[in-house]
Amino acid sequence: PGSAQSCRAAQGHLSLPPYAASLRMGKDRRKEKAEESESLGKKADKFGKKGDGKIAQNQGPDKFTHQTCRHILVQKQSDALRISEEIHTGKISFNEAAFKYSEDKAGAHGLLGDKAQNELDPDFWAASIKCKEGDWLREPVKTQWGWHLIMVQARITKKKK
């Protein structure tokens, strides 16, 4: 008692409109990419970011005059590496680690604020340029003050007064 169309559909004779072929969905490659990254040794941190926090080689930094940075300053490289691992594995956030471990004498718990190139140690600035905006470098950086883990929160251009 069904319609002729439902009978044809049941028999597999229902014709699709001509544009239906273009509606097929592409293959979801996220799982393949995750497996590939895992096989290459790339770990995702607790925020799902992979890699070492560095800007890819073909991406140059945009023009800016200041960087808004946070850092964790310690005197021993081994401490910096241990803290980096704690942050990377998600045991502690960068900000919590800065508050807990940073030996910065400024007492700002790692917050440096907006700094121009001439306001920062040359090694610190050179390393921060390699960091993605909104991310942190997994490798500690040695300066005259000690070992730093660096986070670049923003890059801005300030007009000259």
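In this text the structure is predicted, and so the values were computed from the model without any measurement. (Residues numbered from 1 in each chain as written. Predicted model: local features only at pLDDT ≥ 70, side-chain atom pairs only at ≥ 80, totals over all residues. Heavy atoms only, no water.)

Peer 1: Break down the layout of surface pockets for me, citing the residues and quoting the values.
Peer 2: Left-over empty space is what a probe sized like a water molecule reveals as it rolls over the atoms. Size it by volume and the largest pocket reaches roughly 310 Å³. Together, 16 residues line the largest pocket, and His 71, Asp 104, Leu 112, Trp 145 and His 148 are the ones closest to its centre. The set of elements that each furnish at least two residues to the lining of the largest pocket consists of strand E1 (66–74) and strand E2 (111–116). Across the lining of the largest pocket, the residue classes break down as six nonpolar, four polar and six charged. (1 Å grid on protein atoms, 1.4 Å probe; cavity = no way out; pocket = protein on both sides within 12 Å on 5 of 7 lines; lining within 4 Å. Points joined across faces, edges and corners; volume = space filled by probe spheres on them. Helix = DSSP H or I, 4+ residues; strand = E, 2+ residues; numbered from the N terminus. Nonpolar A, V, L, I, M, F, W, Y, C, P; charged D, E, K, R; others polar.)

Peer 1: Describe in detail helix H3 (residues 77–88), supporting the description with residues and values.
Peer 2: A rise of 1.5 Å per residue sets the reference length of H3, with its 12 residues, at 16 Å; its end C-alpha atoms lie 16 Å apart and thus fit the reference within 8%. Among the residues trailing H3, Gly 90 stands out with phi positive, at a value near 90°. (Expected span 1.5 Å × (residues − 1).)

Peer 1: Kindly report on the nonpolar core, identifying the contributing residues and their values.
Peer 2: The biggest cluster of nonpolar side chains holds 14 residues, and the ones touching the most others in it are Ile 72, Ile 83, Ile 87, Phe 94 and Ala 97. Elements with a minimum of two residues in this core: E1, H3, helix H4 (94–101) and strand E5 (146–156). In terms of residues, this core owes the most to one element, H4, which gives four residues. If you look at the next biggest cluster of nonpolar residues, it comprises 11 residues, including Phe 64, Cys 69, Ala 127 and Val 141. (Core = buried A, V, L, I, M, F, W, Y, C linked by side-chain atoms within 4.5 Å. Buried < 20%, exposed > 50% of the residue type's maximum accessible area, 1.4 Å probe, protein only.)

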